Amino acid sequence: MSERDHMPNDLTERRRRWMGVLARADRAALERTWNALPEQPAYRHLRKAESGLVMLRGRAGGSGQAFNLGEMTVARCSVQLRDGTVGHAYAAGRDLRKAELAAVFDAMMQTTAATQIQGTLIEPLAAEIAARRAVIGRKAAATRVDFFGLVRAQ
Amino acid sequence: MYVALKGGEQAIDNAHGWLAEARRGDPSVPEISPAQIAGQLSHATDRAMAEGSLYDPELAALAIKQARGDLIEAIFLLRAYRTTLPRFGFSAPVDTSRMTLERRISATFKDIPGGQILGPTFDYTHRLLDFEGAAPQPAKQAEEGLSDTMPRVLELLDAEGLIEPPGRSAGGEIGDVTRESLEFPARRDVRLQCLARGDEGFLLALGYSTQRGYGSNHPFAGEIRVGEVTVEFEPPELGFAIELGDIRVTECELVNQFAGSATEPAQFTRGYGLVFGHGERKAMSMALVDRAMRTEELGEAVTAPAQDQEFVLSHCDNVQATGFVEHLKLPHYIDFQSELQLVRGLRRAAQSASTAVIKEAAE
Amino acid sequence: MATDTTLSPGFAEPVFAAQHTFRAALMALAHPGRIVSVDPALEAPPPLDIATAALGLALLDHETALWLDGRLQTAAAYFRFHCGCPVAPVVGGAQFAMLADLRALPPLAEFRQGSDEYPDASATLILQVDELVEEGPLQLSGPGIAGVTRLGVGGLAAGFWRDWPANNAAFPRGVDVFFTRGSRLCGLPRTTSVRS
């Protein structure tokens, strides 16, 4: 499988997490953070932002025979900062500008700018994602059937 | 055989002009936007994504608008667009056991760990047309979210050994009908891919037929889940898997009777359905037909259309189907001329034959 | 394996550059022996020449397995990154083969030959040569050539031209070849006869 399973790597796990947050981010949030940066790093493209497809898979019975379920659009981009740090981004959808910004932030998160980006961008976005999930959970729980509910007799 | 015809460009241009005007409709009525379609007609975009086999709600909404609501036309647009994009690779199989559940029900057991969660369903509405269209209240929220333990209902049967296991992977390459032509007999991975992108109406009718006795197998809805799952993908340049985002899917596990055979003990068997978006009817139909097509594998006789995989899989793709049906509109002038001549010739031959008989009789 | 520290950029304008390169390749095969240029504005990672890299970027994708000879092994990461192509472990498993060490070129018959029903399922060879000039000692004739085209290719072992008639005879099966040098290339389809 991936390297991760053989060599538990804290940096890899942290990078996985922030890349997942960036993949789910609104482009507007990324632009705001980019525009608010005191210093916007210079970068060049290794692979310009492009959209393509990832074939999604499912498993029969949830855990059996794998099969091709259908494709999903994905935007990706790879950039390199002046100091050589490489940033990658892959995100569902076709937003090329979002993919480019996400790749730059992925690169910045591997440099000394990490703390700043983590605080101003990653953590707030992660909190939004968690909050959205929590709301869905509470709405779903409100529709849980209570077969043995007692009603106060009036 | 097709012969090229020239001309008609002006007529086609004018037809497209009228199409655009008709699509827009009454200019005094606000124009519909893809955002409105994706947001407020989400079952339409879900169906377009499922059968277009392309998950992208914005694209699906745009296609539906351009197709004036003709969903198979919209699906055609999505299939065409998809051919312009390069493939980056394959995701890890989505893990539906870690779904952010919106809906989760079972008809096999009343009390299931985690509970029966109704979600935003039509099932209990009275099906009365609503002329008032009252402004909706915000949905109620419970104090806390769902339980952390929402195991698969079929695992409860599995624990007692009463249901066949989900099965191992057959190994080897996973079939892909978008890259290789369909051949029979088709393995289960290919069958499931065809069903997932297959026409809801066709599969619904086939599923219905199994319930009416055309290869019936007493199905029960073991579990139906609707919600978002995470998509994981490992880019080769990274060497570890990352999350690309979340997609909504509907999963249906049907439980079916199986009396047993010479080699297998009596146990329940499975039918599986998985589709993009919120599509319970499609997922359930897929599961019914999946189980029906496993007839031979389970040692039973193939007696009904839904069990005949060549019949099912050759006809379940609605773009293929409409392509051939609608191709009849293409000029077939030459073919028809020869048909016309044939019929006229037969008529003449029949007439001169009967004239000859009358003459003979007269002589 | 994270090998992203040594990645070079691909086409600056992927769509237009790929179309331009494809057009050049098409012209090269339609007029065998005619030397055509691709856009030199590509940062090809050594030891790839610009034309070699451009052909790869334009023609390879996730379904075209690529075989590289010993001298071009480092290009595997580059093409995997930009094109998503699988790298074929053996010569016979490749749809495309790139070679720069032409003395060690395997016999043409070892590459995929295609079949009578699908002759296009054969391998395409991209040979990075030492010299590529018009008016050389080679005389090319056949489809796409009015009379004879002269060509000079440096760096190939003599055995290549001895093997070539057998490739012609295998038609419709057989392999097709591109020669590349710098930002120039020329095409040698299986239908072209060569007198050396």
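Residues numbered from 1 in each chain as written. Chains lettered and ligands numbered in written order. Predicted model: local features only at pLDDT ≥ 70, side-chain atom pairs only at ≥ 80, totals over all residues.

(A) Quick look at the domain arrangement of chain B. Residues and elements named next belong to chain B. The domain architecture assigned to chain B consists of domain 1 (9–82) and domain 2 (96–119 + 147–322). Here domain 1 and domain 2 have C-alpha centroids that lie 29 Å from each other. In this assembly, 13 residues from domain 1 lie in contact with 14 residues from domain 2. Counting only elements with at least two residues in the side of domain 1 that touches domain 2, the list comes to α3 (42–52) and α5 (71–82). Here the side of domain 1 that touches domain 2 takes seven residues from α3, the largest share from any one element. Looking at the side of domain 1 that touches domain 2 residue by residue, the classes come out as six nonpolar, three polar and four charged. (Domains from an automatic or database assignment. Contact = placed C-beta atoms within 7 Å. Helix = DSSP H or I, 4+ residues; strand = E, 2+ residues; numbered from the N terminus. Nonpolar A, V, L, I, M, F, W, Y, C, P; charged D, E, K, R; others polar.)

(B) Just the environment of arginine 181 of chain C, in detail. Along the chain, arginine 181 of chain C turns up in strand β7 (residues 176–181). With sequence-adjacent residues up to four places away left out, arginine 181 of chain C is seen in contact with Asp49, Ala51, Val129, Glu131 and Leu132 of chain C.

(C) The arrangement of the sheet that holds strand β1 (residues 36–37) of chain C in detail. Residues and elements named next belong to chain C. The strand order across the open sheet built from six strands is β1-β8-β7-β4-β3-β2, with neighbouring strands paired in mixed fashion. Edge positions in the sheet fall to β1 and β2 (66–68), since each of these pairs with one other strand and no more. As judged from the three bridges shared by β2 and strand β3 (residues 96–99), these two strands associate in the parallel manner. In the sheet register, leucine 66 faces β3, and the bridge partner there is phenylalanine 96. Sitting on the sheet, helix α2 (residues 50–59) touches β3, β4 (124–128), β7 and β8 (184–188), and the angle it makes with β7 is about 135°. (Pairing = 2+ DSSP bridges. Axes fitted to C-alpha atoms, helices over the stretch in contact; angles between N-to-C directions.)

(D) Representation of helix α3 (residues 75–83) of chain C. Taken as a whole, α3 of chain C has its buried residues at Ala75, Tyr78, Phe79, Phe81, His82 and Cys83 of chain C. All buried residues of α3 of chain C project into a common sector of 165° when viewed along the axis, lining one side. Its buried side turned inward, α3 of chain C meets β1 (43–59) of chain A together with α2, β2 and β3 of chain C. A positive backbone phi angle near 70° is found at glycine 84 of chain C, which sits one or two residues after α3 of chain C. (Buried ≥ 20, exposed ≤ 12 C-beta atoms within 10 Å, placed from the backbone. Arc of directions from axis to C-beta.)

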